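# Report on the structure
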Amino acid sequence: MIEFCGLQIDHPIINGSGTFDAIAARRAFGEALLADFPFSAFVSKTITLAPRAGNPPPRLWETAAGMINSIGLPNRGLAGYLEHDLPRLAALPVPLITNVMGSTEAEVAALVEAVDARPEVAAIELNVSCPNVKTGLDIGADPVSLAALVRAVRPLTRKPLIVKLTPNTADVAAVAAAAEDEGADAVSLINTLRAMALDPRGAGRTWLGGGSGGLSGPAIRHIALAQVFAVARRIAIPVVGMGGVACGAHAKDLISVGAVLVAVGTENFRDPCAGSRIAAELKSLQIAESPSSSMNAS
Amino acid sequence: MRPIAPLGRRRVVVTSCDDVGAYRVVDAADPDGPVPAAGQFYMLAAVHCWGATENERPFLPRAFSFLRADAGALRFMFEDVGPGTRRLAELTAGDELWVTGPLGEGFRAPNPSPPARRPLLAGGGIGVPPLAAWATELGTRPRALLGFRDREHAAGAAVMSDAEVTVATEDGSVGHHGLVTELLAAELARDPHAIVYSCGPPRMLEAVRALCMEHDVPAQLALEAGMACGFGACYGCVVPVRDGGYVRVCVDGPVLDADRLEPLAEDAH
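Summarised in this report is the structure supplied together with it. (Residues numbered from 1 in each chain as written. Chains lettered and ligands numbered in written order. Predicted model: local features only at pLDDT ≥ 70, side-chain atom pairs only at ≥ 80, totals over all residues.)

### Let's talk about the packing of helix α6 (residues 172-181) of chain A against helix α7 (residues 221-234) of chain A
Residue and element names in this part refer to chain A. Their axes nearest at 9 Å, the elements α6 and α7 cross at an angle of 40°. In terms of axis orientation, α6 runs oblique to α7. Read as a crossing pair, α6 and α7 show a hand that is right-handed. Residue-level inspection shows Val172, Ala173, Ala176 and Ala177 of α6 in contact with α7, the latter providing Gln227, Ala230, Val231 and Arg234. (Axes fitted to C-alpha atoms, helices over the stretch in contact; angles between N-to-C directions. Helix = DSSP H or I, 4+ residues; strand = E, 2+ residues; numbered from the N terminus. Parallel < 35°, antiparallel > 145°, perpendicular 65-115°, else oblique. Left-handed = near helix turned anticlockwise from the far one by under 90°. Contact = placed C-beta atoms within 7 Å.)

Here it is as structure tokens:
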């Protein structure tokens with residue numbers, strides 16, 4: 001068991017928000033999903049106040065060692081989440097972390113208050129990769145905007161508050177420090193890197209229906225490593241590391257630079273049980289390298 | 001009850017492969033998988049040289065409806081059109097595949113209440129496999145109208161062993177010279193008491209959809225869409241529906257009623 005923001009969880013591997021739909025996966029794989037749930041805590045996809053249909057297709061582009069997505073955060077909206085999704089997610093055998101996003105402080109506050117009132121939710125993650133309506137900059141790209149947001153919503157919940165940082169910023173550690181200063185309990189990083197793909201038929205037309213998208217997968221792993229390293233050196237609160245993790249050794253790398261938990265994202269698409277596989281691989285690596293193990297070996 | 005996939009991907013061994021015209025037909029042993037329903041699909045990836053090839057593609061698994069499923073064995077059909085299908089088409093006996101599935105919702109039998117409707121299969125190209133599986137499952141030797149580009153591709157019609165097949169080719173080298181939708185239009189004009197089951201390239205599927213709507217004939221379309229996962233996680237494979245918003249091809253389809261759908265985009269994958 002490990003401790004994360006007061007939650008007791010079985011192992012350090014969770015999912016990245018929006019990379020595993022436990023409700024759809026239960027339809028595909030049946031009750032076996034609950035018996036062998038791949039993650040030690042489950043992070044919901046991003047919930048917004050109003051329902052969102054998401055971006056028009058095409059939404060995906062495979063790249064060298066990764067993919068670009070332009071999904072556009074489709075979700076049922078807060079009311080739909082509370083009524084439809086939450087009872088189903090509460091049936092999962094692990095703690096539930098609900099990820100929320102709003103384009104104004106008032107929107108985020110309404111989301112945090114509503115989710116705070118639900119005992120099924122163990123923790124709240126703020127998606128701050130959303131443009132500030134006044135400046136047009138992503139809230140999470142600017143330490144000042146981010147600080148203001150966390151300051152506004154921190155008093156609204158006693159549940160652990162995790163800030164999901166964007167890598168699309170000049171100094172991610174400064175943003176992390178702002179989150180810590182305003183009372184965040186943890187930060188998670190990295191989100192996808194802004195990217196685009198061109199229509200293969202030429203003419204310089206963008207391929208993705210949403211215009212640009214986010215790059216993920218092995219292609220970004222070393223960027224994640226650098227950013228988690230920089231953030232973990234700067235702040236004292238726990239860090240959830242993610243970005244291109246596909247095996248136990250990758251998870252171990254992020255832990256070695258300061259991550260307490262590691263989230264798996266794109267690899268879930270290739271391997272639905274990536275979470276449990278990576279947790280097992282990580283455990284074997286840690287056992288093999290523990291001092292008692294080397295003494296036994298000698 | 002729809003067959004449920006075992007949790008996770010499983011490693012299976014290719015047992016044989018064969019060229020059928022422009023296509024590659026690959027058999028794999030799948031002792032641990034359930035018997036799928038026609039129209040369901042699997043996510044496939046070669047165990048080796050997938051995500052670690054010269055230019056690091058293919059990376060994501062690819063979705064394929066099965067062509068045939070016998071006890072403990074699956075058959076797929078590929079056409080080499082990109083890095084993923086190229087890698088799958090070069091597999092030989094003894095190579096290994098990662099398989100996740102069966103996934104999604106397959107074809108549904110005609111509603112037994114009157115008016116009685118005869119199943120009519122229409123499709124072509126790489127859309128033949130789910131129709132062939134459906135003809136086998138129906139067991140009534142339905143009529144199947146299949147369109148292909150040319151003679152080499154039309155050889156793929158040979159996999160449709162459990163239907164009465166009429167072929168069209170765009171270059172006129174085999175069968176009707178023209179599009180499969182021309183055959184379908186004639187067929188529906190002759191006898192509109194049909195239910196159409198269709199799978200094929202986007203432009204063909206859209207033509208089938210529009211034709212069936214025009215004739216007020218129910219149709220079930222097996223859609224293709226680029227998808228990263230196949231089990232509802234990535235939200236990448238959506239198509240717009242008439243009552244607003246999108247549905248995911250992987251969990252709400254791949255077989256969807258034509259009257260639910262907005263016109264299909266040509267390049268949505």
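Having seen the model, we can carry on.
### Things to note about the nonpolar core
One finds Val187 of chain A together with Met160 and Val208 of chain B to be the most contacted residues of the largest nonpolar core, which totals 185 residues. If we ignore the near neighbours within four places in the chain, the residues touching Met160 of chain B are Val128, Leu131, Ala132, Ala135, Ala144, Leu146 and Val165 of chain B. (Core = buried A, V, L, I, M, F, W, Y, C linked by C-beta atoms within 7 Å. Buried ≥ 20, exposed ≤ 12 C-beta atoms within 10 Å, placed from the backbone.)

### Digging into the sheet that holds strand β5 (residues 60-63) of chain A
Residues and elements named next belong to chain A. Reading across from one edge, β5-β6-β12-β11 is the order of the 4 strands in this open sheet, with antiparallel pairing throughout. Only two strands of the sheet have a single partner each, and these edge strands are β5 and β11 (193-195). Each neighbouring strand pair of the sheet contributes to a mean axis angle of 35°, computed without reference to strand direction. Pairing between β5 and strand β6 (residues 66-69): 4 bridges, direction antiparallel. Within β6, the position partnered with Leu60 by the bridge is Asn69. (Pairing = 2+ DSSP bridges.)

### Some thoughts on α7 of chain A
All names here are of chain A. An ideal rise of 1.5 Å per residue puts 20 Å on 14 residues; α7 measures up with 20 Å between its terminal C-alpha atoms. Along α7, the residues classified as buried are Arg221, Ala224, Leu225, Gln227, Val228, Val231 and Ala232. Of the surrounding secondary structure, the elements contacted by the buried residues of α7 are α6, β10 (186-189), β13 (239-242) and α8 (248-256). (Expected span 1.5 Å × (residues − 1).)

### Focus: the interface of chain A and chain B
Facing the 33 residues of chain A at the interface are 31 residues of chain B. Those elements that place two or more of their residues in the side of chain A that touches chain B are α1 (22-29), α2 (32-35), β5, β6 and α9 (267-270) of chain A.

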